[in-house]
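# A structural walkthrough
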Amino acid sequence: MDLLQKLSLLGAAAKYDVCAASGCSSGGRSGLPSPGSGVCHSFLPDGRCISLFKVLQTNSCQKDCFYCPNRIQRDIPRASFTPDELAVLFLEFYHRNYVEGLFLSSGICKSPGHTMEQIIKTAEILRYKYRFNGYIHLKVVPGAKPEYIEQAVRLASRVSVNIEAPTADYLQKLSRLKDFEDGIINRMKWIKRLQSGGLLPAGQTTQFIVGAAGESDASILKTTSGLYQGIGLKRVYFSAFQPVAGTPLEGMPPAAVLREHRLYQCDFLFRLYGFKLSDISFNSEGNLPEDIDPKLNYALNNSHLFPLEVNRASYRELLKVPGIGPASARRIVNARKKFKFNTLDELKNTGVVVKRAAPFVQVNGRYRESYKLVQQLELWRDSVDHSALRQPRVISQGSHALSLV
Ligand code: SF4
């Protein structure tokens, strides 16, 4: 198989990734195809968004994950890049300004050690031979040995081990060969220890497949919260399960994108708004209610905390108000050093979404007293039309080799 055929096969694997939907390059130039659907985006620590060439070192895999298009039993064309081939190909795209960084993942070919050697060799060629100093995200495959993890951490801007499921029991429903505690959680802990030496500027991430193992949102968020607090992960990603033909889970119903969306909303509340797991409300099945934003649900379930006086509330308290985010809360706190807020219009200037915040705040003692009305009429049940999000994605995804950035 020549290089372009490999690119076509291993770059096309990225189509299974929702991240690739955020933007694709079109048509190639100079006889070289663009990375096309293998382009996805990531945010650097400084907040800048960059485009990444997302590709697999190989789609050969010895594992049998029940949801994955690359599982060993599936009869599909297989290909592998050599480290030299992949490094040169990436640099071609990089020099043409198609991409600014690399996200390199892989199926587990022969053994976790052999796979890590190939991934590390590709990164070494880029870093040492071609002096590439830009963004590299390397996948650490489950079960990788400490020496490989250490090398990956030294070479990469970010690494990730995908957790896939919230507990060992749920993971067993997705794979007979992956070991939750030792193969995944312990590897994350090793990465954390290595990171403390100032390595990995973009941190460590992971991904769940949502809805493939019958797990609840509460179980996913409990583990998510533990990963942030205990292991210091930079980001946790959620990928709504979509069945892939020819896999054991092909008959399972797909997960709605709305479920993924609600999980991301909670993830933002954990990371940026100071919410704890105990602040999140679940239904009797342990899932997030579909029809209400989790932050609004918190406010409605904690009526004793509201309305908050915006001239006195702390930054942390302001973050609990629907319609007030970190930037607007900061602006309110800073503005209060010079003057007192007297009207809702003045709040608008700080970026507050007044329509959402008004029932939950007092402004210099004045309160619109619409909170009870909100509760009675449920006016704040999510007014956004989520009908599209209730549908599954058209394309399938769900492999550690096809994961989000
Ligand atoms: S999820 Fe990863 S380890 Fe499992 S079959 Fe797919 S590529 Fe292999």
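Here's a quick rundown of the structure. (Residues numbered from 1 in each chain as written. Predicted model: local features only at pLDDT ≥ 70, side-chain atom pairs only at ≥ 80, totals over all residues.)

### With respect to the pairing of strand E7 (residues 235–240)
- Of all 6 residues in E7, 6 are buried, a share of seventy percent or more.
- Residues Arg235, Tyr237 and Ser239 of E7 are buried on one face, and the alternating residues Val236, Phe238 and Ala240, pointing to the opposite face, are buried as well.
- With 6 bridges connecting them, strand E6 (residues 204–210) and E7 associate as parallel partners. Within E7, the residue paired with Val210 across the bridge is Ala240.
- Handedness of the E6-helix H7 (residues 217–231)-E7 crossover: right-handed. (Buried ≥ 20, exposed ≤ 12 C-beta atoms within 10 Å, placed from the backbone. Helix = DSSP H or I, 4+ residues; strand = E, 2+ residues; numbered from the N terminus. Pairing = 2+ DSSP bridges. Right-handed = clockwise from strand over helix to strand, strands pointing away.)

### Remarks on the packing of helix H3 (residues 112–129) against helix H4 (residues 146–155)
- It is the contact of H3 with H4, at a shortest axis distance of 10 Å, that shows an interaxial angle of 25°. Our classification of the angle between H3 and H4 gives roughly parallel. The element H3 and its partner H4 pack so that their crossing is left-handed. On H4, the residues that touch Gly113, Met116, Ile119, Ile120, Ala123, Glu124 and Arg127 of H3 are Tyr148, Gln151, Ala152 and Leu155.
- Residue composition of the contact of H3 with H4, by class: 7 nonpolar, 2 polar and 2 charged. (Axes fitted to C-alpha atoms, helices over the stretch in contact; angles between N-to-C directions. Parallel < 35°, antiparallel > 145°, perpendicular 65-115°, else oblique. Left-handed = near helix turned anticlockwise from the far one by under 90°. Contact = placed C-beta atoms within 7 Å. Nonpolar A, V, L, I, M, F, W, Y, C, P; charged D, E, K, R; others polar.)

### Topic: the packing of helix H2 (residues 83–95) against H3
- Two elements in contact, H2 and H3, have axes whose closest approach is 8 Å; the angle formed by their N-to-C orientations is 45°. With respect to H3, the axis of H2 lies oblique. At the point where H2 passes H3, the crossing takes the right-handed sense. Touching Pro83, Asp84, Leu86, Ala87 and Phe90 of H2 are Gln118, Lys121, Thr122, Ile125 and Leu126, all from H3.
- Its residues assigned to classes, the contact of H2 with H3 comprises 6 nonpolar, 2 polar and 2 charged.

### Concerning H2
- With 13 residues, H2 should reach 18 Å at 1.5 Å per residue; the first-to-last C-alpha distance of 18 Å fits that figure.
- Buried within H2 are the following residues: Leu86, Ala87, Leu89, Phe90 and Phe93. The buried residues of H2 all sit within an arc of 165° when viewed along its axis, so they share a single face. Set apart from the buried face of H2 by more than 90 degrees, the exposed residues are Asp84 and His95. (Expected span 1.5 Å × (residues − 1). Arc of directions from axis to C-beta.)

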